[in-house]
Amino acid sequence: MADRRGNSLEERILKLKKERNAVILAHNYQLGEVQDIADFVGDSLELSQKAAKTDADVIVFCGVHFMAETASILSPDKTVLLPDAGAGCPMADMITAEQLRQKKKELPGATVVTYINSTAGVKAESDYCCTSANGVKVVAQIDNDEILFVPDQYLGDFIARRTGKEMTLWPGYCPTHVRILPEDITKRKREHPEAKVVVHPECRPDVIALADEVLSTSGIIRYAGREDVSELIVGTEVEILHRLKKENPGKKFIPASEKAICPNMKLITLDKILHSLETMTPEVKVPEEIRVKAKAAVDRMLAIV
Ligand code: 13P
Ligand code: SF4
């Protein structure tokens, strides 16, 4: 909504962003208008790299809670704002730090690899972090036959197959990606026989088995830009189509399932971004003793990619 002087919501956000010396980071699943106002849009790995490097005083994180926590872990001196404090990741909440401590007692020799979609408390109990973009690379270089992977069983299964390593998998999953079924892919392939199929590694193994490529969200965007790709069936959260279409006019993108919507990602709106910059809330700050331990796991990952 415009203010009394006729400034649009976008103009008001950009003005305040400048005054606060803030940077707006957005995940590829954010609403189109949020992506369009952001300084940077990316996948979890790229967003954590940006958060580690920015010289802004304030990071407005348009994503979910664990992503804002990762920014706080890497940039403790900056104010990290998550415009809706309720924007969580249900998969990240499928394991607690206490549950991980118990599991580690059962597997004392295991190296713990934790998907970045996890709480700071869980990261603090881990040896390595990884994202969907670098999970295979991180696990491949671990010199231990005993690996415990948490919390996503499907990303874990994908990494185990690609690396040939046996891993103990925590039974977590993404409620959004499991809505994509193998029959959705076969139906789409029938409708679009020329199209390539790309899916996110959070998808079920029987969906992954039907894909030409399995990639992180930004990996999907890079793949779509290739000259030999003109029609693409996309097996991940539907909002990624905003960027795919914007960056590839003339190409055809088909969501594998219209049901793949992450409601938490949709909680961030332009109104809430403006309110967040006005009030400098809600702030996400990881307590120092957890932050230091969690940072070690994130840094081990960043040293590999
Ligand atoms: P990416 O790191 O591939 O962007 O995935 C994050 C995520 O939450 C997928 O559901
Ligand atoms: Fe979490 Fe799934 Fe939403 Fe990604 S899409 S933030 S894994 S619930």
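Counting from 1, residues in each chain are numbered in the order their sequence is written. Just so you know, chain letters begin at A and ligand numbers begin at 1, following the order they were written in. Owing to the predicted nature of the model, reporting of local features is limited to residues with pLDDT of at least 70; listing and counting of side-chain atom pairs is limited to 80 or more, with chain, interface and lining totals taken over all residues. The side-chain numbers reported here are obtained from all heavy atoms of the structure, hydrogens and water having been left aside.

*Asks:* Go over unusual backbone geometry with me, naming the residues and quoting the values.
*Replies:* The residue after Val 150, namely Pro 151, is reached through a cis peptide bond having omega -15 degrees. Summarising the element assignment, Pro 151 is placed in the loop between strand E7 (147–150) and helix H8 (153–163). The amide bond that connects Thr 281 to the next residue, Pro 282, takes the cis arrangement and shows omega of -15 degrees. Each helix corresponds to a stretch of at least 4 residues labelled H or I by DSSP, and each strand to a stretch of at least 2 residues labelled E; elements are numbered beginning at the N terminus. Among the structural elements, Pro 282 can be located in the loop between helix H13 (270–279) and helix H14 (288–304). Even without being glycine, Asn 21 reaches a positive phi, approximately 50 degrees. When a residue's accessible area, from a 1.4 Å probe over protein chains only, is under 20% of the maximum for its type it is buried; when over 50% it is exposed; and in between it is partly exposed. With relative accessibility at 35%, the residue Asn 21 sits in the partly exposed group. Even without being a glycine, Met 280 presents a positive backbone phi close to 55 degrees. Among the secondary structure elements, Met 280 is positioned in the loop between H13 and H14.

*Asks:* Tell me about helix H1 (residues 9–20), and name the residues and values.
*Replies:* Side chains of residues three or four places apart in an α-helix project in the same direction, reflecting 3.6 residues per turn. With 12 residues, H1 should reach 16 Å at 1.5 Å per residue; the first-to-last C-alpha distance of 16 Å fits that figure. Within the span of H1, buried status applies to Leu 9, Ile 13, Leu 16 and Lys 17. The buried residues of H1 occupy one face: seen down the axis, they fall within an arc of 110 degrees. Exposed residues lying more than 90 degrees from the buried face of H1 are Lys 15, Lys 18 and Glu 19. Here the buried face of H1 lies against strand E1 (22–27), helix H2 (32–37) and H13. Expected span, for any helix, means 1.5 Å times one less than how many residues it has. Picture the helix axis, draw a direction to every C-beta atom, and the arc is the one those directions span. Note on contacts: a residue pair is in contact if any heavy atoms of the two residues lie within 4.5 Å.

*Asks:* Summarise a negative patch on the surface; cite the residues concerned and give the values.
*Replies:* On the surface, Asp 143, Asp 145, Glu 146 and Glu 166 cluster together to form a negatively charged patch. Looking at where Asp 145 falls in the secondary structure, it is placed in the loop between helix H7 (135–140) and E7. A patch consists of residues whose relative accessible area exceeds 30% and which take part in no salt bridge; residues with like charges are grouped when within 9 Å of each other, and nonpolar side chains (Val, Leu, Ile, Met, Phe, Trp, Tyr) when within 5 Å. Method for areas: the Shrake-Rupley scheme with a 1.4 Å probe, in which residue coverage is limited to the protein chains shown. For this document, the term salt bridge refers to a Lys or Arg side-chain nitrogen within 4 Å of an Asp or Glu carboxyl oxygen. When charges are counted, Lys and Arg are positive and Asp and Glu negative, with His and the chain ends excluded. For this purpose, a charge sits on NZ of Lys, CZ of Arg, CG of Asp or CD of Glu.

*Asks:* A description of the nonpolar core should follow, citing residues and the corresponding values.
*Replies:* Among the nonpolar cores identified, the biggest contains 77 residues, and Val 60, Val 113, Val 199 and Ile 273 are the most heavily contacted of them. In this description, a nonpolar core means a group of buried Ala, Val, Leu, Ile, Met, Phe, Trp, Tyr and Cys residues linked to one another through side-chain atoms lying within 4.5 Å. Ile 221, Ala 224, Val 234 and Ile 240 belong to the second-largest nonpolar core, a separate cluster that totals 12 residues.

*Asks:* I'd like a rundown of the state of the cysteines, residues and numbers included.
*Replies:* Whenever a pair of cysteine sulfur atoms sits within 2.5 Å, that pair is classed as a disulfide. Counted by the stated rule, this structure contains zero disulfides. With no disulfide of its own, Cys 203 lies 8.4 Å from the sulfur of Cys 174, the closest cysteine sulfur. When its relative accessible area of 0% is taken as the criterion, Cys 203 is described as buried.

*Asks:* Report on the site of ligand 2, specifying residues and quantitative values.
*Replies:* In this text, near means that some heavy atom of the residue lies within 4 Å of the molecule or strand in question. If you check the shell around ligand 2, you find Tyr 29, Val 64, Cys 89, Pro 90, Met 91, Asn 117, Cys 174, Glu 202, Cys 262 and Met 265 and nothing else. The cavity that encloses ligand 2 is the largest cavity. In the shell around ligand 2, the residues fall into eight nonpolar, one polar and one charged. Lining residues are those with an atom within 4 Å of a point, where the points come from a 1 Å grid over the protein atoms alone and group into cavities, where a 1.4 Å probe fits but cannot get out, or pockets, open sets with protein on both sides within 12 Å along at least five of seven lines. Criterion for pocket placement: a molecule counts as inside a cavity or pocket if more than half of its atoms are within 2 Å of its grid points. We call Asp, Glu, Lys and Arg charged. Ala, Val, Leu, Ile, Met, Phe, Trp, Tyr, Cys and Pro are nonpolar, and the rest, Gly among them, are polar.

*Asks:* Report on the packing of helix H11 (residues 217–224) against helix H12 (residues 240–247), specifying residues and quantitative values.
*Replies:* Two numbers describe how H11 lies on H12: the axes approach to 10 Å, and their chain directions differ by 25 degrees. Between H11 and H12, the interaxial angle falls into the category roughly parallel. By crossing handedness, the relation of H11 to H12 is classed as right-handed. On the side of H11, the interface is formed by Thr 217, Ser 218, Ile 220, Ile 221 and Ala 224, while H12 contributes Ile 240, Arg 243, Leu 244 and Glu 247. Lines are fitted to the C-alpha atoms to define the axes, a helix being fitted only along its stretch in contact, and any angle between axes, read from their N-to-C directions, falls within 0 to 180 degrees. An angle below 35 degrees is read as roughly parallel, one above 145 as roughly antiparallel, one from 65 to 115 as roughly perpendicular, and any other as oblique. With the far helix as reference, a near helix turned anticlockwise by less than a right angle produces a left-handed crossing, and one turned clockwise produces a right-handed crossing.

*Asks:* Tell me about the sheet that holds strand E8 (residues 167–169), residues and numbers included.
*Replies:* Taken together, the four strands give an open sheet; going across it, the order is E6-E5-E7-E8, and neighbouring strands pair in parallel fashion. Across the chains shown, the open sheet's two edge strands, defined by having one partner strand only, are strand E6 (128–130) and E8. Along the sheet, successive strands turn relative to each other by an average axial angle of 25 degrees, direction set aside. Where strand E5 (residues 111–115) and E6 come together, three bridges link them in parallel fashion. Paired with Tyr 115 across the bridge in E6 is Cys 130. When DSSP finds two or more bridges between a pair of strands, those strands are recorded as paired.

Nothing here speaks to function; it is geometry throughout.
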